[in-house]
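# Observations on the three-dimensional arrangement
In case you want the letters, here they are:
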Amino acid sequence: THHRAFDDTWLNFMENLPISTFRHYTRLIGIYIILFFPEMVMITVNAYTKATPLELLTVFCMALSLLIFFRTLLYFPKMNNEIHVRYVLLTSFVVLFLILGKYEWPAILLLQAAAAIIFFKKYRSYEPYIESD
């Protein structure tokens, strides 16, 4: 939810720049890769004898897909903490059963597609949400 507070300021500034929405989306992915890189190194160092490179790649892609999807959920109007946690838990529950059913890559593709659709539809129309008591 701190991303939400940051976006309230950041998106008002970024709307006026002549940068394509696709470039904003790749920037979002790049930021999460940079933030997640130390974790990827630690996981790789600790699991390289127990997991194949394809399994490690699957784990990293799944984590990145979930992070991006959860972030793009914040672009919906009137998204508060409670609603966001509901969507996060529901998505995590569905993804868990996809992973247990050995459908990791379809889950990754589905999450990436959903995140991209939400981002490209809602990014330019984002407005700060002000809660009324």
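Generally speaking, soluble globular proteins have nonpolar side chains that are buried together. Counting 23 residues, the largest nonpolar core has Met 62, Ile 68 and Phe 69 as the members making the most contacts within it. Broken down by secondary-structure element, the contributors of at least two residues to this core are helix H2 (21-47), helix H3 (53-72), helix H4 (81-100) and helix H5 (104-122). For Ile 68, the residues in contact, after removing those within four places along its chain, are Tyr 25, Leu 28, Ile 29, Tyr 32, Gln 112 and Ala 115. Judged by nonpolar contacts, the second largest core, of 5 residues, contains Phe 36, Met 40, Leu 56 and Phe 60.

What the rule picks out here adds up to 7 aromatic pairs. Centroid distance Phe 69 to Phe 70: 6.2 Å. Interplanar angle 55 degrees. Geometry classified as tilted. An aromatic cluster of three or more residues is present, and its members are Tyr 25, Tyr 75, Phe 119 and Phe 120.

Take a nonpolar patch on the surface next. On the surface, Tyr 87, Leu 90, Phe 93, Val 94, Leu 96, Phe 97 and Leu 100 cluster together into a nonpolar patch covering about 720 Å² of accessible area. As for its placement among the helices and strands, Tyr 87 is situated in helix H4. In this structure Tyr 87 comes out as partly exposed when scored by relative accessible area, which is 40%.

Cut-offs and rules
Residues numbered from 1 in each chain as written. Predicted model: local features only at pLDDT ≥ 70, side-chain atom pairs only at ≥ 80, totals over all residues. Heavy atoms only, no water. Core = buried A, V, L, I, M, F, W, Y, C linked by side-chain atoms within 4.5 Å. Buried < 20%, exposed > 50% of the residue type's maximum accessible area, 1.4 Å probe, protein only. Helix = DSSP H or I, 4+ residues; strand = E, 2+ residues; numbered from the N terminus. Contact = heavy atoms within 4.5 Å. Phe/Tyr/Trp six-rings, centres within 6.5 Å; stacked < 30°, edge-to-face > 60°. Patch = residues over 30% accessible without salt bridge, like charges linked within 9 Å, V, L, I, M, F, W, Y side chains within 5 Å. Areas by Shrake-Rupley, 256 points an atom, 1.4 Å probe, with all protein chains shown as cover. Salt bridge = Lys/Arg side-chain N within 4 Å of Asp/Glu carboxyl O.

The values reported here are purely geometric and, on their own, carry no functional implication.
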